[in-house]
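Close look at the chain arrangement
Here's the letter readout for the chains.
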Amino acid sequence: MAGTTSTGYKLATYQSADGPRAGLVVEDKVFDAAKLTGKAAYASVIGILEDWKTAAGALKAAAAKAPKSRVQSRPLKGTKLLAPVLWPSAIFCAGANYADHVAEMNKAHGRPPEPDPHTLGLQSWHFIKASRSLSHPGATVKISDYSKMMDWEVELAAVIGRKAKNVPQKNALSYVAGYTAANDLSARDRGRRPHVPDTSPFKTDWVAHKSFDGSCPLGPWIVPASDIPDPQNLGLKLWVNDVLKQDSNTGQMIFNLAEQIAHLSSRLTLHPGDIILTGTPAGVGAGRNEFLKAGDVVKIWIERIGGLTSKMA
């Protein structure tokens, strides 16, 4: 599922004998980013992203020379990849951002159809997952003692590459360093607080619903934004035990990524390494009253990025 990219590399975090390190995946090999570029600050992906204006060119040049470099590489197969950003200052997640997903959730809850929020003058809305809720590629997420209604959500994730505050929509994508794949795991039975009246404004529990340990599988790497000129035209799929559940395209978003960045940056400053999950299409478990259980294997795939697998336990 990996595929090659025009810059010739993907940016990853790999487990070394000395701990997590930033790596450049070039074809089927992993090179240490700091050693390959000669820049000690590039030992971590956060360090690279904080210098993205310079790093983008440096990594591209280093990747081009990698096959003839004397820097020792390791085979991609057998190298343990971690969530690519350790650790973002924030993970912003777009809610209700695919029309077909909104429709399936309204149907599941017996609500009438809703108009396009643009026609109501509305902006995108986001909730936040804890930074440490990230789960590594291939990792096992323990769910059996936490939720009986654990749901899946494949999402395109954008990784911010420079500080963004009050960014105009037309320039918003220039603040993106690259893209990766995410699964916004959701504990549907933990989202509403028990013993609190349904009419109470304090009924919702977003932390229990969305921000539990392991709730954000992410990876396997970051594809540079220069390799994905149009994030609004990418296929995305999700399988549970090899059965296709979600199959859509990022072009179906209600609020596109540029709109999301512009709106978020009007509220706060986005920082290098911050991650934006852009919403999920129809096909989630809640729409069919079908949920994950221990032993299930979830695979997600996004065009031009690749695949990510998680196991439930």
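All figures in this text were calculated on a predicted structure; none of them were measured in a lab.

So, how was this worked out
Residues numbered from 1 in each chain as written. Predicted model: local features only at pLDDT ≥ 70, side-chain atom pairs only at ≥ 80, totals over all residues. Heavy atoms only, no water. Helix = DSSP H or I, 4+ residues; strand = E, 2+ residues; numbered from the N terminus. Rg over C-alpha atoms; globule rule 2.2 N^0.38 Å. Buried < 20%, exposed > 50% of the residue type's maximum accessible area, 1.4 Å probe, protein only. Pairing = 2+ DSSP bridges. Core = buried A, V, L, I, M, F, W, Y, C linked by side-chain atoms within 4.5 Å. Contact = heavy atoms within 4.5 Å. pLDDT = per-residue confidence, 0-100. Polar contact = N/O pair within 3.5 Å; in protein donor to acceptor, adjacent residues only side chain to side chain.

Comments concerning the overall build of the protein chain
Scanning the protein chain from terminus to terminus reveals 6 helices and 19 strands. A compact globule built from 313 residues would reach a C-alpha radius of gyration of about 20 Å, and the protein chain, at 19 Å, matches this within 12%. Seen through its C-alpha atoms, the protein chain measures out along the principal axes to roughly 65 × 45 × 30 Å. Within the protein chain, buried positions represent 55% of all 313 residues.

Observations concerning the sheet that holds strand β15 (residues 235-240)
Taken in spatial order, the 5 strands make up an open sheet running β9-β19-β18-β15-β16, and their pairing is mixed. Bordering the open sheet on either side are β9 (140-141) and β16 (243-249), each of which pairs with just one other strand.

Some details on unusual backbone geometry
With an omega of 0°, the peptide bond running from L86 to W87 counts as cis. Among the structural elements, W87 can be located in the loop between β5 (81-82) and β6 (91-94). Along the chain, G219 connects to P220 via a cis peptide bond; the corresponding omega equals 5°. Structurally, P220 can be placed in strand β14 (residues 216-224).

Points about the nonpolar core
Judged by nonpolar contacts, the single largest core of 49 residues is most densely connected at Y179, I261, L270, I276, L292, I302 and I305. Breaking this core down by element, the ones donating at least two residues are β1 (10-16), β11 (154-160), β12 (176-183), β14, β15, α6 (257-267), β18 (297-302) and β19 (306-312). Dropping the residues within four chain positions of it, I261 is found in contact with I160, A172, V176, L270 and I276. Counting 37 residues, the second-largest nonpolar core is a separate cluster that includes Y9, A33, A83 and C216.

Quick notes on helix α4 (residues 99-108)
Along α4, the residues that are buried comprise H101, V102, E104, M105 and N106. G110 occupies a position one or two residues after α4 and carries a positive phi of about 70°.

What to know about the pairing of β1
Each regular strand carries side chains that alternate between the two faces of the sheet. The element β1 is extensively covered by neighbouring structure, given that 6 of its 7 residues are classed as buried. Relative to strand β2 (residues 19-26), β1 runs antiparallel, the two sharing 7 bridges. When the bridges of β2 are listed, A12 appears paired with G23. Between β1 and β2, which pair antiparallel in sequence order, lie 2 residues. As paired elements, β1 and β5 share 2 bridges and run antiparallel to each other. For T13, the partnering residue across the bridge sits in β5 and is L82.

Things to note about the confidence of the model for the protein chain
Scored by pLDDT, the protein chain comes out at a mean of 95, with 98% of its residues at no less than 70. With pLDDT under 50 throughout, residues 1-5 is counted as low confidence; its partners more than four residues away or in other chains account for 11 contacts.

Here's the deal with the side chain of S133
Of note, S133 is situated in the loop between β7 (126-129) and β8 (134-135). A polar atom in the side chain of S133 sits 2.6 Å from the backbone oxygen of A130. The residues contacting S133, other than those within four sequence positions of it, are I91, S211, F212, G214, S215 and C216.

Describing the environment of P197
Following the sequence through the fold, P197 ends up in the loop between β13 (186-187) and α5 (206-210). Between the C-alpha atoms of P197 and G138, which are 59 residues apart in sequence, the distance is 40 Å.

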